[in-house]
Amino acid sequence: MTALIEFTDVGRMFEADPPVHALRGVTLRIDRGEYVAVTGPSGSGKSTLLGLLGLLDRPTSGTYRFAGAETTTLAERDRAALRAGSFGFVFQAFHLLPYRSTEENVMLAEVYRPKGRPAPPRRGRRERALAALERVGLGHRAGFRPDRLSGGERQRVAIARALLGDPDLLLCDEPTGNLDGENTQVVLDVLEELNGQGLTLLVITHDEAVAERAGRRIRIADGRVVAGGPEPVDNPSPVDHQFAGDRPQWP
Amino acid sequence: MAMIEKGVPPSRFGRAVARRSGTGTRISRSDLVDESLSAVLARPMRAALTALGTVLGIATLVVTIGIAATAGNRIVGRFDELTATAVSITPETTRASPDDPPLIGWDAPERITRLNGAVAAVALAESQPGQTPPVQANDIKDPSAVTARTLGVVAATVDLPATVHGRVVAGRFYDAGNVARRDRVAVLGEEAARLLGVTRLEDGPAVFIGGEPFTVVGVIGDLKREQALAASVIVPPTAAADRLGMRQVTRVVVDTRLGAAQLIARQAPTALAPGHTDGLRVLAPPNLERARGAVEDDVNGMFLVLGLLCLVVGAVGIANVTLVGVMQRIGEIGLRRALGASRRHIAAQFLVESAVLGLLGGVVGATAGMVTVVGVCVAKDWTPVLDLGLVFAAPLAGVAVGLLAGAYPAWRAARLEPLEALRAT
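Described in the following lines is the structure provided in the data block. Quantities reported herein were computed from a predicted structural model and do not represent experimental measurements.

Here we look at the overall build of chain A
(1) Moving on: Scanning chain A from N- to C-terminus turns up 7 helices and 11 strands.
(2) Moving on: For chain A, the proportion of its 251 residues judged to be buried stands at 55%.
(3) Moving on: A separation of at least 24 residues holds for 67% of the contacts in chain A among residues at least 6 apart in sequence.
(4) Moving on: As displayed, chain A has an accessible area near 10,300 Å², and 48% of this comes from carbon and sulfur atoms.

Set out below in structure tokens:
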């Protein structure tokens, strides 16, 4: 397995009086093809971690290597290019544009493309979007406005949008936070299926039932990884790795 | 596969290189326009209301400028009819000897009408004040009445009615045949006919000019130009030369096309008397352009301020609604940033959106303004003057207003941090 994400001693401190250490000394490694859940109580630093992972935010200390390359020194525009080319985002609030049809929402993912790579042609974008909808089982909802869809369907549209850029990593921030039990199951099934197809998944959730589905669970509390880090075990098991200290000892 | 082109050195130099080598993300122009347009069109009612301020501003501007131009043109229009198309040429009276051939011959109308821009011309021989032959309606000596009138006597070529825009109110004007046959015929000006008591032409009344009888064949009236002729007796040049000794052309009057007066004034002397142009005096109307400019500058100055004020109100409207839009769409901005949009892309989108609103206002406002100008003109029976430049400038002004109004909201939108924006809503 090759490492996709390598966090080394990453910290994120917010200027305030007194300074807020949202994350401290996080060391993590996530391999390609993994399905990782990050859990923790609210305020534990989950969302900060997602922002750092998704290059939406910069750490104040430590290093972050993505696919082998250092990202903390990249210019903002290069980080944007990396976001556009390598990341797919799924949010709790879906963030679908209300006045556009499902496939138009999906097509949005191809609007901003990294320079230096051949951009997919504009013609055929709709077909690719429809294919992505098909992949999440929503082919029959093409042409619908988001407000005509159930919560689970909306989230699957958002997943289809995240898939369109053919990302290396799907980052999901509380993807089931706004969904009822039945819709949660549907969305988790889709995620699992995508992981089965080789897509690397990182799901942030406070819901233990959601985290159960992941191959590895990382638990953070108070800005520190308290379990599941820093790197995958050879034979990931759903059993929670509980360690006494902040820095788990690996054999 | 995620590919980072090169291991970027962790230095400021490295960032500079990255910036220069054109990395980052891009959005195609058509995508940018698409994104902005569909955002605007998603809420058509709101877009219409937002653009309303600009519509009013641009419409006011177009109406004020349009009405000013039309009114200005109307003022100039009055000049046009009376003077702007009239050129008259007079030979200097000081001739070395009466035996010299006259500077201007009776063929002057033909010479002038050959010039491009000349509509009609007439050669006149006017009796000198003090030498006017007495004119009488009949030969009866009535001691109780003063029958001899001192009316002007004018010899004129047959083009007179066309040149002075006169109307033959009775009978006819004498024609080229009368001139060629040296007939002793006369046409009376309306006022002259009244003074002489000539009311009917059926029985061929005669007038006596300096004792010579002339048959009255017509009465001319409604003179738009050379109104003095209304109180004159007009006779053909041949009969005038034979009987009254009026041989020399004293004046040539030219009716020109609008705008051609200056040109005719320059060319007429050469056409009439090549080689002797110094001996001719030309009377031409003042330059039309200058008159128009002076009239419009006064009117426009005031109206422009009013229209610009309306535009400012329109701009504030767009700025306000766009700013509200930015605040409502924080989540969308965050999403776009997550999808790879740079700050510049976000700013560009909101700028284009407000520019589209401005363009919408400009187009609708220009249309409404032009309709209003035409409507006012129809009601007032004016000729509408619509400057084509204005028609095209108005939508551009709308775009400028939109861009100006969108600048601050776009900057606010671009400044948002993606992570915070995503957490909103």
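Points about the packing of helix α5 (residues 151-164) of chain A against helix α6 (residues 181-196) of chain A
All names here are of chain A.
(1) Moving on: As a packed pair, α5 and α6 sit with axes 8 Å apart at the nearest point and diverge in direction by 20°. By the criterion of interaxial angle, the relationship of α5 to α6 is roughly parallel. The element α5 and its partner α6 pack so that their crossing is right-handed. Between α5, through Gly151, Gly152, Gln155, Arg156, Ile159 and Leu163, and α6, the contact on the second element is made entirely by Asn183, Val186, Val187, Val190, Leu191 and Leu194.

So, unusual backbone geometry
(1) Moving on: Going from Asp17 of chain A to Pro18 of chain A, the amide bond is cis rather than trans, its omega being 0°.
(2) Moving on: Not every positive phi belongs to a glycine, and Asp222 of chain B is a case in point at roughly 50°.
(3) Moving on: Its location among the elements puts Asp222 of chain B in the loop between β9 (212-221) and β10 (232-235).
(4) Moving on: We classify Asp222 of chain B as partly exposed; its relative accessible area is 36%.

Some points on the interface of chain A and chain B
(1) Moving on: The partner chain B presents 44 residues to the 42 residues of chain A that form the contact.
(2) Moving on: Of the roughly 3,900 Å² buried between chain A and chain B, counting both surfaces, carbon and sulfur atoms make up 57%.
(3) Moving on: Together, Arg77, Tyr99 and Tyr112 of chain A form the three largest contributors to the area buried by chain A at its contact with chain B, with a combined 20%.
(4) Moving on: Inspection of the region where chain A meets chain B yields 5 salt bridges.
(5) Moving on: The shortest N-O distance in the salt bridge between Arg337 of chain B and Glu76 of chain A comes to 3.9 Å.
(6) Moving on: In this structure, the connection of chain A to chain B is made through 11 residue pairs in polar contact (both at pLDDT 80 or more).
(7) Moving on: At the level of elements, α1 (46-53), α2 (76-86), β6 (87-91) and β7 (113-114) of chain A are the ones that each hand at least two residues to the side of chain A that touches chain B.
(8) Moving on: Class assignment for the residues of the side of chain A that touches chain B results in 20 nonpolar, 7 polar and 15 charged.
(9) Moving on: The pairing of β7 of chain A with strand β1 (residues 25-26) of chain B spans 2 bridges and is antiparallel. Within the sheet, the bridge partner assigned to Arg113 of chain A lies in β1 of chain B and is Arg26 of chain B.

What counts and what doesn't
Residues numbered from 1 in each chain as written. Chains lettered and ligands numbered in written order. Predicted model: local features only at pLDDT ≥ 70, side-chain atom pairs only at ≥ 80, totals over all residues. Heavy atoms only, no water. Helix = DSSP H or I, 4+ residues; strand = E, 2+ residues; numbered from the N terminus. Buried < 20%, exposed > 50% of the residue type's maximum accessible area, 1.4 Å probe, protein only. Contact = heavy atoms within 4.5 Å. Areas by Shrake-Rupley, 256 points an atom, 1.4 Å probe, with all protein chains shown as cover. Axes fitted to C-alpha atoms, helices over the stretch in contact; angles between N-to-C directions. Parallel < 35°, antiparallel > 145°, perpendicular 65-115°, else oblique. Left-handed = near helix turned anticlockwise from the far one by under 90°. Buried area = accessible area lost by both parts, 1.4 Å probe. Salt bridge = Lys/Arg side-chain N within 4 Å of Asp/Glu carboxyl O. Polar contact = N/O pair within 3.5 Å; in protein donor to acceptor, adjacent residues only side chain to side chain. Nonpolar A, V, L, I, M, F, W, Y, C, P; charged D, E, K, R; others polar. Pairing = 2+ DSSP bridges.

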